[in-house]
Structure formats: structure tokens, C-alpha cells
Amino acid sequence: MATFTYLTKEGLKKLTDELDRLIAIERPNISRQIAEAREKGDLSENAEYDAAKEAQGLLELKIAKLQETIQNSRLIDPSKMQTEVVQIMNKVTIQNMKNKAKMTYTIVGESEANLREFKISIGTPIAQGLLGKKVGEIAKIKIPAGEVEFKILEIGI
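Quick notes on the rules
- Residues numbered from 1 in each chain as written.
- Predicted model: local features only at pLDDT ≥ 70, side-chain atom pairs only at ≥ 80, totals over all residues.
- Heavy atoms only, no water.
- Helix = DSSP H or I, 4+ residues; strand = E, 2+ residues; numbered from the N terminus.
- Rg over C-alpha atoms; globule rule 2.2 N^0.38 Å.
- Buried < 20%, exposed > 50% of the residue type's maximum accessible area, 1.4 Å probe, protein only.
- Salt bridge = Lys/Arg side-chain N within 4 Å of Asp/Glu carboxyl O.
- Axes fitted to C-alpha atoms, helices over the stretch in contact; angles between N-to-C directions.
- Parallel < 35°, antiparallel > 145°, perpendicular 65-115°, else oblique.
- Left-handed = near helix turned anticlockwise from the far one by under 90°.
- Nonpolar A, V, L, I, M, F, W, Y, C, P; charged D, E, K, R; others polar.
- Core = buried A, V, L, I, M, F, W, Y, C linked by side-chain atoms within 4.5 Å.
- Contact = heavy atoms within 4.5 Å.
- Phe/Tyr/Trp six-rings, centres within 6.5 Å; stacked < 30°, edge-to-face > 60°.
- Expected span 1.5 Å × (residues − 1).

Caption draft 1: Broad picture of the overall build of the chain. Helix and strand counts for the chain stand at 3 helices and 7 strands. Reading the chain from its N end, one meets helices and strands in the order β-α-α-β-β-β-β-α-β-β. Its C-alpha radius of gyration of 22 Å places the chain more than 25% over the 15 Å reference for a compact globule of 157 residues. In terms of principal-axis extent, the alpha carbons of the chain reach across some 70 × 35 × 30 Å. Across the 157 residues that make up the chain, the buried fraction comes to 31%.

Caption draft 2: Representation of the pattern of salt bridges within the structure. Following the criterion strictly, the structure yields 7 salt bridges and no others. The partner of Arg21 in a salt bridge is Glu18, and the shortest N-O contact between them spans 3.1 Å. Here the residue Arg21 and the residue Glu18 both occupy positions in helix α1 (residues 9-39), the gap between them amounting to 3 residues, near one helical turn. The residue Glu26 makes a salt bridge to Arg21 at a minimum N-O spacing of 2.9 Å. The partly exposed category is assigned to Glu26, whose relative accessible area is 26%. What makes Arg21 partly exposed here is its relative accessible area of 31%.

Caption draft 3: The arrangement of the side chain of Ser121 in detail. Within the fold, Ser121 resides in strand β5 (residues 119-121). Judged by its relative accessible area of 4%, Ser121 falls in the buried class.

Caption draft 4: Fine view of the packing of α1 against helix α2 (residues 47-71). Here α1 crosses α2 at 160 degrees, and the two axes come no closer than 9 Å. Viewed along their axes, α1 and α2 adopt a mutual orientation that is roughly antiparallel. Crossing geometry of α1 relative to α2 is assigned as left-handed. Its residues assigned to classes, the contact of α1 with α2 comprises 15 nonpolar, 5 polar and 8 charged.

Caption draft 5: Examining the nonpolar core more closely. Val86, Val92, Ile94, Ile107, Leu130 and Ile152 are the most contacted members of the largest nonpolar core, which has 14 residues in total. Where this core is concerned, the elements lending two or more residues are β3 (91-96), β4 (102-108), α3 (125-130), β6 (138-143) and β7 (146-156). Ranked by residues supplied to this core, first place goes to β7 with 4 residues. Apart from residues lying up to four places away in sequence, Val86 is in contact with Val92, Ile107, Leu130, Leu131, Gly132, Lys133, Ile152 and Ile155. In this structure, Leu22, Ile34, Ile63 and Ile70 belong to the second largest nonpolar core, which totals 13 residues.

Caption draft 6: Geometry of the environment of Ala47. Position of Ala47 relative to the elements: it lies in helix α2. The sequence separation of Ala47 and Ala37 amounts to 10 residues, and the corresponding C-alpha distance is 8.5 Å.

Caption draft 7: Just the packing of aromatic side chains, in detail. Using the criterion set out here, one finds 1 aromatic pair in the structure. Plain terms: the ring middles of Tyr105 and Phe118 are 6.5 Å apart, the flat faces sit at 45 degrees to each other, and that makes the pair tilted. Of this pair, Tyr105 sits in strand β4 while Phe118 sits in the loop between β4 and β5, and the two are 13 residues apart along the sequence. Judged by relative accessible area, Phe118 falls into the partly exposed class, the value being 48%.

Caption draft 8: Representation of α2 within the structure. The first and last C-alpha atoms of α2 sit 36 Å apart over 25 residues, in line with the 36 Å expected at 1.5 Å per residue. Among the residues of α2, those classed as buried are Tyr49, Ala52, Leu59, Ile63, Leu66 and Ile70. Of the surrounding secondary structure, the elements contacted by the buried residues of α2 are α1 and β2 (73-75).

Set out below in C-alpha cells:
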């Protein structure tokens, strides 16, 4: 059973651009390295050949995973997003009830997560704890250090 990856248009473009780069640039480079190593003679003791073949295997695995992610992706239409309860692609402002710190995160699919851009994966404990909550509600979220309570201050797009 396939697991779906939810993506924005930008996220899908980023993945397809990376796939195109791997196929059009990286794959021919590795093929060239293998051919050059093969020309150097005895393959049984050729470290360059072994390294190039291993790199080829890793590249093909990466290409296959990207193709699978793209094939099993579902585009999210921001115009159909709602803000009554927290869901994927919402921008959520929360407040830590203990230290009163405020944070704003956008809940995104796994492949678009980027903490520097305040985008957290839907699979994280924080995102999981926020899903389905309304403004004003308290989310009790289990983290490695214990349980933290966050108040939902705002839900946006």
C-alpha cells in the first residue's frame, strides 16, 4: 500500500528539478567515471571502478526513491485550505504554556520540512499534537523531555 506525500506546487517542482538533475547530469557523470575506470585494466583490483559502481548504485537508489515520492504525491490546493482546525499546510502560531514563548510553524509534508524556514513535517510529534485543534485549545505534546502544553493562538494559510 502506497503512502502519499502531500506537496505544494513549489515542493513538487523542487523534487522534479532534483530528479531531472540526477538523471541528466549525475547519471552520465557516473557512467563516464565507470568507463574511465574500466579502461585502466584489471577490474578485480580497481578501487576507482568499485567506488564508481557503488556511487552508481546509490544514485540509482536515490532516483528510484524520488520517482516513487513524486508518483505517490498529492498536490495541495491552498485555495481549498481551511483554518477552523489545524491541518496540513496551515501556518500555526502556538505559545508554550510554561515559558510563554511564541512560535509560528507551517505544517508540511515530509519532503518539504525545513526548520530554518519554520516548516515542520506532519509526522513530527508537535505537528501530530496540533492536528485537529482549534484556536484557543491546548495541545499536550509528548516530547523526549516529557510533556509540553501549547496553546493555539492563530491558524492561517
